[in-house]
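Residue-level structural notes
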Amino acid sequence: MGRYIVRRTLFAIPTLIVISLIIFAILDLAPGDPTSQLPLTIPQEIREQIRESLGLNDPFMVKWVKWMQLMFINEPLNIIDSIFNTCIGDCESRARIISWSSRAPALDIIWQRLPQTLWVLGVAFVFGILIAIPVGVVSAYKQYSAFDNVGTFVTMVGYSVPVFFTGIVAILVFSVWLGWFPSFYTTTHVVDWTSWDSVWFQIEQMIMPVTVLSLFNAAALSRFTRASMLDNLNEDYVRTARSKGLRENRVVFTHVMRNSMIPVVTLIALQVPGIFAGAIITEQIFRINGLGQLLIISIGQSDVPMVQTLTFMFAVLIVFFNLVADVTYGVLDPRIRYD
Amino acid sequence: MATIQERVEEQAGREPVDGEKHRSLRQDVWRQFKKHKGALVGLVLLGLIVFATIFGPIIYGVDPYEIDTSATNAPPSVDHPLGTDNLGRDVLARTLIGGRISLAVGFAAMLFGLFLGTGIGIVSGFFRKLDGPLMRITDLFLALPILPLLLVIIMLFRDSLARAFGEELGIFLLVVFIIGVTSWMQTARVVRGDVLGLKEEEFVLAANSIGTRKRKIITRHILPNTLSPVMVSAALGVAVAIITESALSFLGLGFPASFPTWGRLLFDGNDYLQLSPLRAIVPGVMISLTVMSVNYIGDGLRDALDPKLRSK
Amino acid sequence: MKRTRLLALLAVLAMVVAACSPSDGEGTSTTGDGGTDGSTTTAGPTDTTAPPTGGNAGEGGNLLLLQWQAPSQANPYLSTGTKDLLAGSLVLEPLAEFDPEGQVVPALAAELPTVENGGISEDQTQITWTLQEDLLWSDGTPVTSDDVVFSWEYCSNEATGCATSAYANVETVEAVDDLTVTVTFTGPQPFPFVPFVGYTSPIIQRAQFADCVGEAANSCTDQNFAPIGTGPFMVTELRPEDTVLYEMNPNYRGAANGQPFFGSVEIKGGGDAEAAARSVLEIGEADYAWNLQVAPEILEPMEAAGNGTVYVNFASSVEAIRLNQTDPNGDPRAEYQGEATAPTGGQHPVFYQNEVVARALSMAINREELTAVGYGSTGEPTCTFWPVGEEATTTFNDWCLTQDIEGANALLEENGYVDSDGDGIRETPDGVPMSFTYVTSTNAVRQSFQDLIAVYWEQIGVEASMSNVDAGLFFDGTCASDDCIWKFFRDIQMYTNSSVGPDAVSYFLGFLCDQIPTSGNSYGGENLDRYCTEEYDSLYAELTGMTLDDPNRIPTIHQLQDLVLTHAVIPLVNRGTVSAFANTIQGVGELNPWDSEYWNIEGWTRSS
């Protein structure tokens with residue numbers, strides 16, 4: 001098991017390197033200019049100086065190798081240093097990936113925003129699972145029943161109505177008309193778990209984005225669960241189990257559900273890119289200072305190092321969740337061998 | 001990673017064994033499909049939507065681009081059944097014309113993605129040597145952060161393509177190409193799994209042993225038998241493509257303002273949600289309805305094409 | 001047992017995702033409260049526009065400012081846009097600033113230098129500033145003229161990549177004594193209030209930035225995020241593209257007068273202008289929303305909700321049509337004509353110094369309607385691109401403010417622009433069809449302008465083929481794409497130009513022959529319209545020799561405008577600076593379109 005994880009992790013490295021090259025190549029063709037937001041009266045010579053100071057005029061391969069060095073050598077060293085309070089090599093003057101617009105290390109900014117993205121995504125994910133699995137299981141067990149039809153309809157709606165539409169409608173109804181929830185996310189709020197008010201404030205501001213996202217997640221998941229359950233319910237072993245006189249509950253929950261979860265877990269992993277995409281839009285609508293919002297802002301400002309690093313971070317997260325799913329899959333399905 | 005989906009679909013191509021009367025597969029599928037009420041309603045609805053977007057603008061006859069600054073943000077009336085936008089353009093006419101593009105993008109991107117996915121799936125399932133590399137590429141594409149890349153690519157290439165092919169066609173081609181290129185992976189995996197199973201079937205082995213050429217085996221024996229997963233992928237592909245296009249337009253990076261699609265109309269109408277809510281709600285509902293009917297059809301197809309369900 | 005294992009796994013999976021709490025991000029926080037109780041300095045004579053509150057400084061609680069484009073950092077010299085300048089302006093102050101009318105008023109300086117008080121040399125090549133006495137940085141150390149010198153040194157190092165043109169004409173900056181500093185220009189400056197004036201070139205502290213000059217500027221994150229300043233607030237935490245938190249500066253010179261009223265300020269970014277407007281005007285959850293570029297029919301109902309008020313003020317942001325003045329007769333300066341990539345092959349034969357066409361096109365436009373559709377009360381129709389107080393010309397107002405289709409048709413008819421082939425489009429006397437390419441950036445208002453203008457011009461037999469380009473490419477300073485405004489390969493382009501300060505001399509530079517961008521100067525000039533006449537060049541030379549109080553100055557500026565307006569530029573709408581304030585916020589006065597909108601934030605108060 002341990003060896004399998006190590007091997008999968010090692011395999012992820014070349015994948016990520018190729019991805020970084022693809023991202024880099026695409027961005028290098030970008031005609032964007034970090035000085036385009038400056039007033040028109042700033043003369044060209046000054047713009048040129050700014051571009052020069054940002055290292056914009058280097059050739060492609062030079063820029064890529066530099067970035068790779070920063071990303072895979074300097075930044076990890078920096079993380080080690082800051083965790084263990086050490087100083088490896090020239091830690092004082094070590095170059096880092098610097099955002100063009102804020103002139104701050106890109107990874108620091110990402111690190112600052114990662115919790116918000118993971119928090120909203122994570123809660124939405126958990127809620128999604130909590131809603132989806134029971135709905136999927138019951139829908140499948142009572143296929144074509146009223147519950148199934150209604151459930152199918154609701155999940156179809158959740159799956160088909162784009163996140164940006166539900167988000168807008170939610171803001172209009174709950175913030176503007178009813179005034180129940182704030183329309184933007186107070187990013188500086190620090191949750192004090194001992195104070196109910198503080199926790200409630202956090203719940204209040206998360207409720208809309210989380211609902212919108214988990215609705216979407218739940219819809220897709222319960223579709224998968226239902227399909228997978230249906231497949232298993234028709235298997236011979238179910239018939240055998242029933243004919244052995246096992247109680248129906250046991251048949252469904254122990255045998256069918258367990259087997260049905262195997263593909264669902266894998267499909268959850270395949271959904272991860274979609275969930276991140278949904279998060280980009282949700283963050284944009286609800287003004288959550290997560291990674292998605294940062295990406296849109298950075299694209300707008302032609303902040304190439306930031307876009308590169310962020311896109312790469314998304315790739316890392318996706319690869320990581322795929323890995324988690326694979327491992328989980330193995331744990332759930334004893335037939336899979338790791339060697 | 002053999003998913004249950006793959007495994008089920010490996011079996012989907014097999015002929016029903018216990019059918020006593022001879023029924024054609026098509027009749028069989030249709031009989032089962034009809035049982036799925038949602039799919040049937042979806043089919044009718046999609047038909048209506050397609051009809052409305054193709055012939056609607058001709059029948060309705062109002063110019064969707066005509067500016068009337070004397071009737072801006074008008075509520076629904078006899079002249080304008082769904083009201084007008086901030087330039088006095090008719091919302092109904094714009095929704096009808098916008099649907100053409102959204103649907104065209106949806107179907108074109110689906111066909112492109114399907115073509116790629118099926119091709120790669122068959123090649124990688126059939127030719128052992130290519131299997132490894134192709135599946136690694138598939139994994140790579142699955143690990144790509146699609147939406148961020150889409151945003152960047154569209155920003156980059158929109159204008160050069162617009163210049164080469166004209167504003168509308170250029171962006172259409174770009175959006176279709178990009179959605180297609182980034183949505184073939186699931187199809188490829190499913191088809192590959194299917195082909196791997198089919199390769200071991202007696203009829204393929206038989207064809208092989210009598211020296212049938214590879215191309216013929218693929219087109220005659222393999223391809224028709226992968227049809228069912230491909231059809232399901234196709235249905236879902238349309239839905240994904242329509243949503244992706246509108247998401248891009250919603251982030252302001254899809255079609256330009258002068259060129260209405262449902263996504264773009266929703267994006268433009270978003271700011272006017274309180275003043276003239278229909279402007280955003282109508283295209284939003286149209287996107288949702290289309291995607292929903294397509295998903296229902298996909299659902300029905302999946303059920304209908306599953307031999308185990310069909311024999312019930 | 002097995003079931004629990006499954007559930008446990010799912011739970012673990014979920015926990016991995018949700019492992020972090022929402023707000024434990026490490027902000028770059030800086031503590032800058034050196035002298036905690038040093039609030040004994042007396043207030044300078046002119047640092048307040050609102051009456052003293054009478055209360056204690058900082059008793060007003062928190063002020064929430066929405067800037068939908070969030071600041072990236074707070075060092076104005078490295079800014080990527082107004083958003084950063086604003087964030088810096090709460091902390092850093094210049095020697096003098098602009099008031100809402102565009103008049104220069106002292107900030108850190110004791111008084112305004114003039115020729116009379118000896119502050120400006122007779123030959124206009126030197127300006128001498130004197131700092132107020134007893135000024136302290138927020139860390140409690142005194143402000144000296146050496147800091148002023150350093151601010152210039154910081155920027156004059158090319159490797160710093162300073163984003164300001166304020167020091168372009170500065171030869172040297174020298175400290176005379178601890179409080180006096182002399183700026184020497186490379187030549188006579190009729191308007192010397194450029195360096196150290198306004199929020200684009202404030203004073204930064206030498207002690208803090210000494211190691212951040214040149215290439216090191218990029219690695220000075222802490223300094224750039226939390227510069228030490230003299231202003232009413234100091235940065236406590238800055239999260240790039242998101243939030244800036246400020247606390248009252250205890251060493252602020254107005255502290256004895258109870259300024260600033262607010263103890264802390266939060267600048268919150270994200271979302272868009274419409275959402276920000278809604279937060280302040282409709283929901284009432286924030287105190288201020290910046291730069292509300294929102295359609296009037298959306299803004300007005302929001303204001304009616306009664307939580308806030310929309311403030312508008314006008315400076316020099318004019319949306320105008322630019323007619324390509326490239327000389328078609330092989331003039332050597334029209335270098336790009338040979339470029340095959342130009343859609344028209346570089347030929348713009350109709351507009352070159354053509355008074356008739358420019359006037360007819362202008363007459364056909366209904367500016368009232370354009371303003372109403374695009375801007376409502378936040379814009380006003382204009383007939384000049386320099387609507388700055390008395391300096392705005394009024395020569396064109398008599399005919400340009402009212403649409404006159406018939407007049408335009410008659411004018412074209414008289415001058416031989418007739419539709420000779422009956423296709424509804426006029427031809428020039430030389431037989432060239434009056435059909436033009438018209439490009440602007442992609443933006444709802446600009447596209448509706450294009451749509452409307454196409455209709456106006458159709459009525460006078462002129463066809464315009466409209467296109468729009470993504471703003472990132474249109475305003476791309478590298479001119480990587482052929483669509484950038486500097487290349488101007490089309491016949492007509494439309495955008496808003498505005499002046500950084502109210503200085504006519506630097507703005508009118510942009511119509512000189514030697515300012516034409518060509519492939520030779522990497523499209524580096526400012527004369528995008530390719531306007532070029534000897535008359536203008538010599539008149540401009542006269543203007544540069546005039547002092548600010550010269551009686552001929554304003555008539556000369558009028559003449560210069562008239563020359564350009566006759567041929568090259570068709571102004572449409574004067575776009576106001578638009579922001580919204582909650583009704584509880586008092587003491588804002590007029591919105592400042594020439595400087596930071598937070599220029600008088602120390603005087604803002606909240607009524608209960």
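Residues numbered from 1 in each chain as written. Chains lettered and ligands numbered in written order. Predicted model: local features only at pLDDT ≥ 70, side-chain atom pairs only at ≥ 80, totals over all residues.

Digging into the overall build of chain C
Rules: Secondary structure counts use DSSP, requiring at least four H or I residues in a row for a helix and at least two E residues in a row for a strand, with both numbered from the N terminus. Counting other C-beta atoms within 10 Å of a residue's C-beta gives its exposure: the residue is buried at 20 or more, exposed at 12 or fewer, and partly exposed in between, where C-beta atoms are placed from the backbone. Note on contacts: residues are paired as contacts if their backbone-placed C-beta atoms lie within 7 Å.
Assigned secondary structure in chain C consists of 16 helices and 19 strands. The burial tally for chain C puts 54% of its 608 residues in the buried class. Of the contacts made within chain C by residues no fewer than 6 positions apart, 71% connect residues no fewer than 24 positions apart.

Focus on the overall build of chain B
Each helix and strand counted, chain B has 14 helices and zero strands in total. Written out in order from the N terminus, the α and β elements of chain B read α-α-α-α-α-α-α-α-α-α-α-α-α-α. Going through the 312 residues of chain B one by one, you find that 53% of them count as buried. For chain B, long-range pairs separated by at least 24 residues make up 72% of all intrachain contacts whose partners lie at least 6 apart in sequence.

Regarding unusual backbone geometry
Residues and elements named next belong to chain C. Omega for the bond connecting Gln 259 with Pro 260 falls within 30 degrees of zero, at -5°, which places this linkage in the cis form. Among the structural elements, Pro 260 can be located in the loop between strand 9 (243-248) and strand 10 (264-268). The backbone of Gln 353 shows a phi angle near 45°, a positive value even though the residue is not glycine. Relative to the helices and strands, Gln 353 resides in the loop between strand 12 (308-323) and helix 8 (355-363).

Some details on the environment of B:Leu251
For B:Leu251, the position within the fold is in the loop between helix 11 (227-250) and helix 12 (262-270). Classification of B:Leu251 as buried rests on a count of 20 C-beta atoms within 10 Å.

Re the pairing of strand 5 (residues 126-130) of chain C
All names here are of chain C. Spelled out, the test is: If DSSP finds at least two bridges between two strands, the strands pair.
Counting buried residues along strand 5, four of its five residues qualify, which places the element largely inside the surrounding structure. Sheet topology places strand 5 next to strand 7 (residues 180-185); five bridges connect them, and they run antiparallel. Its bridge partner lying in strand 7, Thr 128 is registered against Thr 182.

Examining the packing of helix 4 (residues 106-141) of chain A against helix 10 (residues 291-300) of chain A
Residue and element names in this part refer to chain A. Put simply, the test is: Axis lines are fitted through C-alpha atoms, for helices just across the contact stretch, and the angle between N-to-C directions can take any value from 0 to 180 degrees. When an angle is under 35 degrees it counts as roughly parallel; over 145 it counts as roughly antiparallel; between 65 and 115 it counts as roughly perpendicular; any other value is oblique. Under the scheme applied here, ten amino acids are nonpolar (Ala, Val, Leu, Ile, Met, Phe, Trp, Tyr, Cys and Pro), four are charged (Asp, Glu, Lys and Arg), and all others, including Gly, are polar.
Direction vectors running N to C along helix 4 and helix 10 enclose 130°, while the axes themselves pass 8 Å from each other. In terms of axis orientation, helix 4 runs oblique to helix 10. Across the interface between the two elements, Ile 109, Ile 110, Arg 113, Leu 114 and Thr 117 from helix 4 touch Leu 291, Gly 292 and Leu 294 from helix 10. Along the lines of polarity and charge, the residues of the contact of helix 4 with helix 10 split into five nonpolar, two polar and one charged.

Focus: helix 3 (residues 37-60) of chain B
Residues and elements named next belong to chain B. Inclusion rule: Given a residue, its bend is the angle between the two axes fitted to the seven residues that end at it and to the seven that start from it.
At Ile 54, helix 3 shows its maximal bend, which comes to roughly 45°, and the proline Pro 57 appears one to four places after that position. Every buried residue of helix 3 is listed here: Gly 38, Ala 39, Gly 42, Leu 46, Thr 53 and Pro 57. The first or second residue beyond helix 3 is Gly 61, which carries a positive phi of 75°.

Observations concerning the nonpolar core
The condition that has to hold: Nonpolar core, as used here: buried Ala, Val, Leu, Ile, Met, Phe, Trp, Tyr and Cys residues forming one set through C-beta atoms within 7 Å.
Membership of the largest hydrophobic core comes to 270 residues, with the highest contact counts inside it found for A:Val120, A:Leu310, C:Ala277, C:Val280, C:Tyr288, C:Ala289 and C:Ala580. By residue number, the principal contributor to this core is helix 4 of chain A, which donates 19 residues. The residues touching C:Tyr288, leaving out its near neighbours within four places in the chain, are C:Leu65, C:Leu66, C:Val280, C:Ser579, C:Ala580, C:Phe581 and C:Ile585. Of all hydrophobic cores here, the second largest spans 65 residues; its members include C:Phe436, C:Cys479, C:Cys484 and C:Ile485.

Overview of the sheet that holds strand 6 (residues 170-175) of chain C
Residues and elements named next belong to chain C. Taken in spatial order, the three strands make up an open sheet running 5-7-6, and their pairing is antiparallel. The two strands at the open ends of the sheet, each matched to only one other strand, are strand 5 and strand 6. Mean inter-strand twist for the sheet, computed between neighbouring axes without regard to direction, equals 15°. Set on the sheet, helix 3 (residues 145-156) makes contact with strand 6 and strand 7; between it and strand 6 the angle comes to about 160°.

A closer look at the pairing of strand 10 of chain C
Residue and element names in this part refer to chain C. For strand 10, the tally of buried residues reaches four of five residues, placing the bulk of the element in the interior. Pairing of strand 2 (residues 62-66) with strand 10, which is carried by five bridges, proceeds in the parallel orientation. Note that in strand 10 the partner of Leu 66 across the bridge is Lys 268. The pairing of strand 9 with strand 10 spans five bridges and is antiparallel. Bridge pairing in strand 10 places Tyr 246 opposite Val 265.

Focus on the confidence of the model for chain C
Residue and element names in this part refer to chain C. Applicable threshold: pLDDT measures how confident the predictor is about each residue, on a scale from 0 to 100.
Confidence in the prediction for chain C averages 82 pLDDT; 87% of positions are at 70 or higher. This stretch, residues 1-53, has a pLDDT under 50; its non-local contacts, to residues over four places away or in other chains, come to 115 contacts. Predicted confidence for residues 332-346 stays below pLDDT 50, and this span has 28 contacts to residues more than four positions away or in other chains. Among the scores for the predicted complex, ipTM is 0.73 and pTM is 0.76.

Observations concerning helix 5 (residues 128-143) of chain B
Residues and elements named next belong to chain B. Condition: Helix span, as expected, comes to 1.5 Å for every residue beyond the first. Arc, as used here, means the arc of the directions from the helix axis to the C-beta atoms.
Taking 1.5 Å per residue as the helical rise, helix 5 with its 16 residues ought to reach 22 Å, and the 23 Å between its terminal C-alpha atoms agrees with that figure. The complete set of buried residues in helix 5 reads Thr 138, Leu 142 and Ala 143. Along the long axis of helix 5, the arc covered by the buried residues comes to 130°, so they all point the same way. Exposed residues lying more than 90 degrees from the buried face of helix 5 are Lys 129 and Pro 133.

Quick notes on the packing of helix 5 (residues 146-160) of chain A against helix 13 (residues 278-305) of chain B
The criterion, for reference: Crossing chirality is assigned from the near helix's rotation relative to the far helix, an anticlockwise turn below a right angle marking it left-handed and a clockwise turn marking it right-handed.
Interaxial distance between helix 5 of chain A and helix 13 of chain B falls to 9 Å at its minimum, and their mutual angle equals 125°. By the angle between their directions, the pair helix 5 of chain A and helix 13 of chain B is classed as oblique. Where helix 5 of chain A crosses over helix 13 of chain B, the two elements pack in a sense that is right-handed. Taking contact as the criterion, the partners of A:Met156, A:Val157, A:Tyr159 and A:Ser160 in helix 5 of chain A are, on helix 13 of chain B, B:Ser288, B:Val291, B:Met292, B:Asn295 and B:Tyr296.

Let's talk about the confidence of the model for chain B
Residue and element names in this part refer to chain B. Across chain B, the average pLDDT comes to 78, with 85% of residues at 70 or higher. Within chain B, no element has a lower average pLDDT than helix 1 (residues 4-12), which sits at 43, and none a higher one than helix 4 (residues 91-126), at 89. Confidence drops under a pLDDT of 50 for residues 1-20, and excluding neighbours within four residues, the segment shows 41 contacts in the predicted structure.

Here we look at the environment of A:Met261
Relative to the helices and strands, A:Met261 is located in helix 9 (residues 248-286). Along the chain, A:Met261 and A:Thr225 lie 36 residues apart, while their C-alpha atoms are 7.2 Å from each other.

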